[in-house]
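Here's the letter readout for the chains.
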Amino acid sequence: MSSTQAEELKGKFVESTNLEKRVADILTRLRSLREQDAPTHGGRVLSYVYDSGLAALDELAADAARLVQPVNGLDPTVFPSTAVMERELVAFAREFLHGASDPAADTDTDTDTDTGGIVVGNVTSGGTESCVLAVKAARDFRGLPPGEGSLVLPTTAHAAFHKAAHLLGLELILVPVDPTSGRVGAQDIATAVRKDTVLIVVSAPNYPFAALDPIADVAEVARAHSIPLHVDACIGGLALPWWGDLPPWDFQVPGVTSMSVDFHKYGYSPKGVSVLLHRGRDLHRKQYFGLTDWPGYPVVNPTLLGSKSVAALAGAWAISQVLGQSGYAELVSRAQRATRALIETVHSIDGLRVVGSPVGPLFAVATDGSVPLERRVDPHRWVSAVGARGFVLQGQPASTQPDGTVLPRTTHLTVTPVTESVLGELTNALVLGADDVRGLAAAEAPPALAELAGAFERGDVTVADVLALPSDAVAAALRSAGLDPRGSADSPLDMAAVLAAVESLPREVTKRLLVEFLAGLVEP
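Residues numbered from 1 in each chain as written. Predicted model: local features only at pLDDT ≥ 70, side-chain atom pairs only at ≥ 80, totals over all residues. Heavy atoms only, no water.

Draft legend 1. Seen up close, the sheet that holds strand 11 (residues 362-367). Reading across from one edge, 10-11-15-12 is the order of the 4 strands in this open sheet, with antiparallel pairing throughout. Where the open sheet ends on each side, the last strands, each with one partner, are strand 10 (352-354) and strand 12 (394-396). Neighbour-to-neighbour, the strand axes of this sheet turn through a mean angle of 30°, independent of strand direction. Lying over the sheet, helix 12 (residues 379-387) contacts strand 10, strand 11, strand 12 and strand 15 (410-414), oriented at roughly 45° with respect to strand 15. (Pairing = 2+ DSSP bridges. Helix = DSSP H or I, 4+ residues; strand = E, 2+ residues; numbered from the N terminus. Axes fitted to C-alpha atoms, helices over the stretch in contact; angles between N-to-C directions. Contact = heavy atoms within 4.5 Å.)

Draft legend 2. Just the packing of helix 17 (residues 495-504) against helix 18 (residues 507-522), in detail. Interaxial distance between helix 17 and helix 18 falls to 7 Å at its minimum, and their mutual angle equals 140°. Taken together, the axes of helix 17 and helix 18 lie oblique to each other. Together, Val498, Ala501, Val502 and Glu503 of helix 17 and Arg507, Thr510 and Leu514 of helix 18 make up the contact between the two elements. Split into classes, the residues belonging to the contact of helix 17 with helix 18 amount to 4 nonpolar, 1 polar and 2 charged. (Parallel < 35°, antiparallel > 145°, perpendicular 65-115°, else oblique. Nonpolar A, V, L, I, M, F, W, Y, C, P; charged D, E, K, R; others polar.)

Draft legend 3. Unusual backbone geometry, seen in detail. Look at the link from alanine 204 to proline 205: it is a cis peptide, with omega at -10°. By secondary structure assignment, the location of proline 205 is in the loop between strand 4 (197-203) and helix 9 (215-224). At the junction of lysine 271 and glycine 272, the peptide bond is cis and its omega measures out at 0° in the coordinates. Counting through the fold element by element, glycine 272 comes out in the loop between strand 6 (256-262) and strand 7 (274-279). You will see that histidine 98, though not glycine, has its phi angle at about 60°, which is positive. With respect to the helices and strands, histidine 98 occurs in the loop between helix 5 (80-96) and strand 1 (119-124). Positioned with a positive phi, alanine 210 is a non-glycine residue whose angle comes to about 60°. The topology assignment puts alanine 210 in the loop between strand 4 and helix 9. For alanine 210, a relative accessible area of 0% gives the class buried. (Buried < 20%, exposed > 50% of the residue type's maximum accessible area, 1.4 Å probe, protein only.)

Draft legend 4. How the structure looks around the packing of helix 4 (residues 55-67) against helix 11 (residues 311-348). Taken N-terminus to C-terminus, the directions of helix 4 and helix 11 make an angle of 150°; their axes are 6 Å apart at the nearest point. It follows from the interaxial angle that helix 4 and helix 11 lie roughly antiparallel. Considering how the two elements wind past one another, helix 4 and helix 11 form a crossing that is right-handed. Along the contact surface, helix 4 presents Leu57, Leu60, Ala61, Ala64 and Ala65, while helix 11 presents Ala311, Ala314, Gly315, Ala318, Ile319, Val322, Leu323 and Leu331. (Left-handed = near helix turned anticlockwise from the far one by under 90°.)

Draft legend 5. Local environment of helix 11. For helix 11, spanning 38 residues, the distance from its first C-alpha to its last is only 44 Å, which falls clearly below the expected 56 Å at 1.5 Å a residue. Taking the largest bend as the criterion, helix 11 deviates by roughly 85°, centred on glycine 324. (Expected span 1.5 Å × (residues − 1). Bend = angle between axes of the 7 residues up to and from the residue.)

Draft legend 6. Region of the structure containing the packing of aromatic side chains. Within this structure, the stated rule accounts for 10 aromatic pairs. With 5.1 Å between their ring centres and 75° between their planes, tyrosine 50 and tyrosine 266 make a pair best called edge-to-face. A residue pair is termed long-range when its members are at least 10 positions apart, and tyrosine 50 in the loop between helix 3 (19-34) and helix 4 and tyrosine 266 in the loop between strand 6 and strand 7 qualify at 216 residues. When sorted by exposure, tyrosine 50 lands in the same class as tyrosine 266, which is buried. Measuring from centroid to centroid gives 6.0 Å for tryptophan 242 and tyrosine 328, while their planes differ by 15°, and the two rings are stacked. Linking tryptophan 242 in the loop between strand 5 (229-232) and strand 6 with tyrosine 328 in helix 11, this pair joins segments that are 86 residues apart in sequence. Tyrosine 328 sits in the buried class, given a relative accessible area of 0%. Each residue in the set Tyr50, Phe92, Phe96, Trp242, Phe263, Tyr266, Tyr268 and Tyr328 is aromatic and connected to the rest through ring pairs, giving one cluster. (Phe/Tyr/Trp six-rings, centres within 6.5 Å; stacked < 30°, edge-to-face > 60°.)

Taken by themselves, the reported measurements are silent on function.
Written as structure tokens, this is what we have:
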């Protein structure tokens, strides 16, 4: 825009525009756009969203967010309300994770991150940021420069740790889990540890199979090697404290040095808000970034973000203040009843099985390979069949571990308190959906991608060939496979076929394809 055009526009917008009408029109359009989304309330989507079933909590979060809408969380000395809310939310999480400070450990010389030391932390924008910062703090606590060090974790640990290793230049050491239980072995972790390992990661529970890793046993390994141990409780941290009898998994365990827990999951707050806790101030301070050696204002950031909204923080703080531990315990009991009922339903479905012994309000379902082929149910076809009956489940592809063992293709279900209100309808959808696809072979990749998989098998093409292709060529390949990100809403994505492609092609190739697809989806 030229300076002349800019001058002509000045002062004319408010005079010539009916703001009220424009506001109404825009909100009408937004409502129309939202109608295309999967329903976020009512228990129809068993992943991504966490519905308490209490409309009052949604209203509370919305009201809290509006009160802090213009606030910048960058500087709590200017906006002290942010410090109060963060401090109280961290204290709340610390209490139910058994990290409440021991007066004897709350000293200015607190350095023991192994068994003692006050537990402190911060609120982040979500689980991914918490995980990245946990790795960053451990790396810096060790004193290694960027580009050095290794990170040891089970193959089932969240993808956020892969992202952390990539961003921080750490070598990722993946430890296979038991394909039957989904749990990692402590001895396998011990074997994987190296002299340059800066952090060991375990899950409470893991997302793919809801397996609770043997945290106390791994903690002994971590202590023996003087390596920090992070417990990723992003999905379970606000459920397991009230789940019932479980082996120790939180700050009760000596050797657990940091934990992450998402309040936008079973804390029922708006996305995104998570809490990252560290045992010991010295470890915690390594999470921070500070800069005074530049001409601007002194910069001190506990998180990756600088300027940031505090709307989600306000929502999480308000909900936690209203519910308290007793309120969360009641909501967990509802989710627990629904989870147990659904697991029993799957047990009764011929051709399907629950993977391992899930802990918490989530579980995974695989084909029961012990029955004849004609009675088996492919979990990805089951996702599609249940989806046709009004419920959204999440398919997970089979995965080959570093030792050659294969984790099965599965369907993931995340259960929330509101699920209990639709159990009858959901149970019918699960049972009848299985009946619809029992005996059918697994879905195949789109023909063009199946042909590409054949080319890899024959050696006609290599991973390097595909990765070297320009974006336009990859996009063209996607369109030829019927995967056009700008395709018609009348032709929904066939996720069973997409997951079949993920399983049949090299993972570096499918990553490249999916990056191109998602990028094209939002490209103007």
